[in-house]
Amino acid sequence: MPLKSSNTDNQYLNDYIKDLKKWQCEIKNKDKEIKQSKLNNNNKNDSGNNSTIEQQPSSSSSSSSSSSSSSSTSTSTSTSKTDNIIDNTNESIKYKEKGNKLFGEQKYKESIEYYTLAIQLDSTNAVLYGNRAMAYLKMKNYQQCEIDSTRCLNLDPTYTKAFHRRGIARVELKCFEEAIQDFKHILKSDPSNKDTLIELNKASALLKDQKEKEKQQKEIENKLKKEKEEKERKEKEEKPKIIQEIKNIQPIIATKITSPTTTPTASTTSKPSTLVEQKQPLQQQQQQPKVLTLQERLNRMANLKAPVPKVAPKNSFEFEKVYLSFNNDLSQFYQYFKLIDPNQLSIVLGDALTPSLFSDIISILEKYYLLNKEFNLISSILNNLSKINRMSLNIQFSSKSEKSTLKTIINSLNDCNTIEKSQIDYLLNKYTI
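Residues numbered from 1 in each chain as written. Predicted model: local features only at pLDDT ≥ 70, side-chain atom pairs only at ≥ 80, totals over all residues. Heavy atoms only, no water.

S.K.: Help me out: how do you make sense of the overall build of the protein chain in this one?
M.R.: Tallying secondary structure elements over the protein chain gives 20 helices and zero strands in all. Across the 433 residues in the protein chain, those meeting the buried criterion constitute 31%. A separation of at least 24 residues holds for 64% of the contacts in the protein chain among residues at least 6 apart in sequence. With the model as given, the accessible surface of the protein chain reaches about 28400 Å², and the carbon-plus-sulfur share is 50%. (Helix = DSSP H or I, 4+ residues; strand = E, 2+ residues; numbered from the N terminus. Buried < 20%, exposed > 50% of the residue type's maximum accessible area, 1.4 Å probe, protein only. Contact = heavy atoms within 4.5 Å. Areas by Shrake-Rupley, 256 points an atom, 1.4 Å probe, with all protein chains shown as cover.)

S.K.: Explain the side chain of S111 here, please?
M.R.: Position of S111 among the secondary structure elements: in helix 3 (residues 108-121). The buried category is assigned to S111, whose relative accessible area is 0%. Within polar-contact distance, the side chain of S111 engages the backbone oxygen of Y108 at 2.7 Å. Setting aside residues no more than four positions away along its own chain, S111 makes contact with G99, L102, F103 and A135. (Polar contact = N/O pair within 3.5 Å; in protein donor to acceptor, adjacent residues only side chain to side chain.)

S.K.: Can you walk me through the pattern of salt bridges in this structure?
M.R.: Side-chain pairing between opposite charges can occur once the charged atoms of the two side chains come close. The full count for this structure, using the stated rule, is ten salt bridges. With a shortest N-O distance of 2.6 Å, R132 and D148 are connected by a salt bridge. Of this pair, R132 sits in helix 4 (residues 126-138) while D148 sits in helix 5 (residues 142-155), and the two are 16 residues apart along the sequence. For D148, a relative accessible area of 0% corresponds to the buried category. Between R170 and E146 there is a salt bridge; the shortest N-O distance is 2.9 Å. (Salt bridge = Lys/Arg side-chain N within 4 Å of Asp/Glu carboxyl O.)

S.K.: It is not clear to me how the packing of helix 16 (residues 355-369) against helix 17 (residues 375-385) should be interpreted in this structure. Could you clarify?
M.R.: Pairs of packed helices are described in terms of their axes, by the angle between the two and the distance that separates them. Contact pair helix 16 / helix 17: the axes reach a minimum separation of 11 Å and the direction vectors enclose 170°. Accordingly, the angle class assigned to the pair helix 16 and helix 17 is roughly antiparallel. In this structure, helix 16 uses I361, L365 and Y369 to contact helix 17, whose residues at the interface are L377, I378, I381, L382 and L385. (Axes fitted to C-alpha atoms, helices over the stretch in contact; angles between N-to-C directions. Parallel < 35°, antiparallel > 145°, perpendicular 65-115°, else oblique.)

S.K.: Before we go on, may I ask you to explain the packing of helix 19 (residues 400-411) against helix 20 (residues 421-430) in this structure?
M.R.: Running from amino to carboxyl end, helix 19 crosses helix 20 at an angle of 170°, the nearest separation of the two axes being 10 Å. The orientation of helix 19 relative to helix 20 falls into the category roughly antiparallel. Here K407, I410 and N411 of helix 19 lie close against helix 20, whose contacting residues are I424, L427 and L428. The residue makeup of the contact of helix 19 with helix 20, split by class, is four nonpolar, one polar and one charged. (Nonpolar A, V, L, I, M, F, W, Y, C, P; charged D, E, K, R; others polar.)

S.K.: How should I be thinking about the packing of aromatic side chains in this particular structure?
M.R.: The description of an aromatic ring pair rests on the distance of the ring centres and on the angle between the ring planes. By the definition in use, this model includes eleven aromatic pairs. Three or more aromatic residues joined by ring pairs form one cluster here, namely F319, Y323, F326, F333, Y336 and F337. (Phe/Tyr/Trp six-rings, centres within 6.5 Å; stacked < 30°, edge-to-face > 60°.)

S.K.: Any chance you could explain the nonpolar core here in plain terms?
M.R.: Note on soluble globular proteins: their nonpolar side chains tend to be buried together. In terms of nonpolar packing, the biggest core is built from 40 residues, with F319, F333, F337, L349, I361, L385 and Y431 touching the most fellow members. Of all the secondary-structure elements, those providing two or more residues to this core are helix 13 (316-325), helix 14 (330-337), helix 15 (345-348), helix 16, helix 17, helix 18 (391-397), helix 19 and helix 20. When residues in this core are grouped by element, the largest group, seven residues, is from helix 16. Listed in part, the 18 residues of the second largest apolar core include A135, Y142, F183 and A203. (Core = buried A, V, L, I, M, F, W, Y, C linked by side-chain atoms within 4.5 Å.)

S.K.: What's the story with the confidence of the model for the protein chain in this structure? I'm lost.
M.R.: Interpreting fine coordinate detail is not advised for predicted regions of low pLDDT. Averaged over every residue, the pLDDT of the protein chain is 77; residues scoring 70 or more account for 70%. The model gives residues 44-75 a pLDDT under 50, and that stretch makes 14 contacts with residues more than four places away or in other chains. Low confidence marks residues 261-277, where pLDDT is under 50. Its contacts with residues over four positions away, or in another chain, come to five contacts. (pLDDT = per-residue confidence, 0-100.)

S.K.: Mind showing me how you'd approach the side chain of D182 here?
M.R.: With respect to the helices and strands, the residue D182 is situated in helix 7 (residues 176-189). Looking at D182, its side chain comes within polar contact range of the side chain of R170, at 3.1 Å.

S.K.: What should I look at first to understand unusual backbone geometry in this one?
M.R.: Of all residues except glycine, most have a negative phi; of all peptide bonds, most are trans. Of note, the phi angle at Q106 is positive, near 65°, even though the residue is not glycine. Here Q106 lies in the loop between helix 2 (51-104) and helix 3. For N328, which is not glycine, the phi dihedral falls at a positive 65°. Within the secondary structure, N328 is located in the loop between helix 13 and helix 14. Judged by its relative accessible area of 65%, N328 is exposed.

The structure is reproduced here in structure tokens:
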């Protein structure tokens, strides 16, 4: 958009030119009056009878001559300024015509240079900005096209072509609402303009799609936020239960770590009494249960691995419950993930797919599937994962290293003769790699 100071400068220049023309007319009128006065004085001089009357006209003539000389100088100056303005305008028109010729030859960059020269000589000509805006539009410089179209409309609000060009540029800049306003402005004066109607429908459709995508994006973000809050709430509720379970199994743990009591045999009774007395305190110390700290209890609980189910999950709730019990154990997760039919991934993972889960999937694809050369399974898994609605958001949240790993995995599919290159290119494009 043009700056306000630019509009002020243009207005000032217009006012200056108007004042200059007015002043030129006044000078011409004044010059006529002086010439007429001089003519009258000469007539009086011819009819005079004495020296006094002759001197007065002479004096008057001298004064008139002086005034005439002064006005002649002023007129000459004003004429010179006007001639300069006229010369600049004529030169500007020449540059514009040269620019039009180059534009017709599809030399848009060169035509812009000539339009710019023309504008430098005559910055009040709206057509020059409109022509340059069209050249920028052809070069797909939509930002500059919008600026020049706006400058053109500031000078001439009736220039409808500028509205059309600015509208197209704004569509490309994804400023759909502003573009729609431009097209509607044209249709007010020309309702049957087919080109404008087509552009208006296109901008309206794109605006609708943009709002729907923004709405979906917001819904996904809100859902992820709620899921995270729900997960934190559950963890907070489960923590006291885990602590209570640890307290309940404390006697069992204490019993396991306590060595069993031994009865003295004949050989031990045959040993000296001093040795028996030394062993008795040690046995008493070993029989005393060891008191575990809370951290030690939690560590022991963490080391207890949950069994891997033998049946594939039927829904995302069942999957997430088992997945969280693995506690980042990729080996168990790989065994569990292999139970799922790749074609059912969109159903099983639809509501459970998070950036952390997607990261673990990339890890098992690299460490297990790729190591075992299960290329067809990798292709099928990635293909079905791409169909999940929230996948695009998970890709955005992926780190550079994860994206690099994913690229390596997909490129490795070239080693498999049964996978077509078009499928590999599709996966690279789908995962925006």
